[in-house]
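Breakdown of the fold
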Amino acid sequence: MVDVLDKIPAAEAFARVFEGLPRQGPGLDCFAQSLALRLGKSLPHCPRIADMGCGNGRSSLVLAKALGARVVAVDLHRPFLEELERSAAVAGLSEHIDVQAVDMVGSGLEEQSLDVVWSEGAAYVIGLENALDSWWSLLKPGGFLVLSDWMWLTARPPHDAEQFWKAAYPDMQTVSSAMVLGMGAGYSFVHAEILPEEGWWLDYYGPLERRVEDLEADACTDQTLSAVIAGVRDEIAIRRRFAESYGCVYMILRRPVTGS
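Read on for an overview of the structure. All figures in this text were calculated on a predicted structure; none of them were measured in a lab.

Overview of helix 1 (residues 11–18)
All of the buried residues in helix 1 are Ala13, Phe14, Ala15, Val17 and Phe18. Looking at the packing, one finds that the buried side of helix 1 touches helix 4 (78–91), helix 9 (198–214) and helix 11 (223–242). Looking at the residues trailing helix 1, positive phi occurs at Gly20, about 85 degrees.

And the structure:
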């Protein structure tokens, strides 16, 4: 739901559901840290990173701490950014985090100014192909794009799962088609890894289920909130039934050092 909250009529309802949660999408701090450290040897001291569609900034904090990075945390929803600023202050990382309430496609960041563009789940909002194209120009030659996206893990997904995601995310790719899109956009492929199942439940669907239960009474008199809650419940139910057919896949891509 990252970067959606300020763009849709149901903004207030989405905010009630998602604000204050540990995460706004699947992820694990230890998983993000392992991917960040994989990049470490190829990065300069104190690399410059943009965390696109950062939500409340869990990844921004991981990157700042693991890599000593200067992180530009980009999201349109100001309450998430304010939460990140508070978290950064508590962690002693305020000097490493620069929050910017701007669109992640037209961010205004300088071209070829970033060592890494990082984005967990935000490609879902703008489409993978758009994300690949939009963030290319921000990377220095040799810079890395690390993004996670919902992807099919089978060429023949179960009918109910396929129908649900066809409506919710029409551009959802397979892992192989996502790699083809990345290389077609000019990137070289470095690595892909599937988020462990606990990354869906520990800090995301688990707390989200408890939140919608708490809001159930209010939803009886708020049709918009009721619709948001119904959508959340449907998505979680699909995950429980069909976890083997799709996943949250992290791809590491690189802008070539030469010829770019």
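Some points on the packing of helix 9 against helix 11
Axis angle and axis distance: for two packed helices, these are the angle between their axes and the distance between the axes, and together they describe the pair. Two numbers describe how helix 9 lies on helix 11: the axes approach to 10 Å, and their chain directions differ by 140 degrees. Taken together, the axes of helix 9 and helix 11 are oblique relative to one another. Classified by chirality, the crossing of helix 11 by helix 9 is left-handed. Each of Trp200, Trp201, Tyr204, Tyr205, Leu208, Glu209, Val212 and Glu213 in helix 9 lies in contact with helix 11, whose residues at this interface are Ile229, Val232, Arg233, Glu235, Ile236, Arg239 and Arg240. Class assignment for the residues of the contact of helix 9 with helix 11 results in nine nonpolar, no polar and six charged.

With respect to the pairing of strand 2 (residues 70–74)
With respect to burial, strand 2 is a largely interior element, four of its five residues being buried. In the classification by handedness, the crossover that spans strand 1 (residues 48–52), the intervening helix 3 (residues 58–67) and the parallel strand 2 is right-handed. In this sheet, strand 3 (residues 97–100) lies alongside strand 2 in parallel orientation, the contact comprising four bridges. Counted as the bridge partner of Ala73 is Val99 from strand 3. Since strand 2 and strand 3 lie parallel, the crossover through helix 4 that links them has a hand, and here it is right-handed.

Section: the environment of Gln112
Here Gln112 lies in the loop between strand 3 and strand 4 (114–120). Separated by 29 residues in the primary sequence, Gln112 and Pro141 have C-alpha atoms spaced 7.2 Å apart. Excluding residues that lie within four positions of it along the chain, Gln112 makes contacts with Ser137, Leu138, Leu139, Lys140, Pro141 and Arg255.

Regarding the pattern of salt bridges
One pass over the structure, following the stated rule, counts nine salt bridges. With its nearest N and O atoms 3.1 Å apart, the salt bridge here joins Asp29 to Arg58. A residue pair is termed long-range when its members are at least 10 positions apart, and Asp29 in helix 2 (residues 29–40) and Arg58 in helix 3 qualify at 29 residues. Take Arg58: its relative accessible area is 21%, and that puts it in the partly exposed class. A single network of salt bridges, built from pairs that share partners, joins Arg23, Asp29, Arg58 and Asp203.

What counts and how
Residues numbered from 1 in each chain as written. Predicted model: local features only at pLDDT ≥ 70, side-chain atom pairs only at ≥ 80, totals over all residues. Heavy atoms only, no water. Buried < 20%, exposed > 50% of the residue type's maximum accessible area, 1.4 Å probe, protein only. Helix = DSSP H or I, 4+ residues; strand = E, 2+ residues; numbered from the N terminus. Contact = heavy atoms within 4.5 Å. Axes fitted to C-alpha atoms, helices over the stretch in contact; angles between N-to-C directions. Parallel < 35°, antiparallel > 145°, perpendicular 65-115°, else oblique. Left-handed = near helix turned anticlockwise from the far one by under 90°. Nonpolar A, V, L, I, M, F, W, Y, C, P; charged D, E, K, R; others polar. Right-handed = clockwise from strand over helix to strand, strands pointing away. Pairing = 2+ DSSP bridges. Salt bridge = Lys/Arg side-chain N within 4 Å of Asp/Glu carboxyl O.

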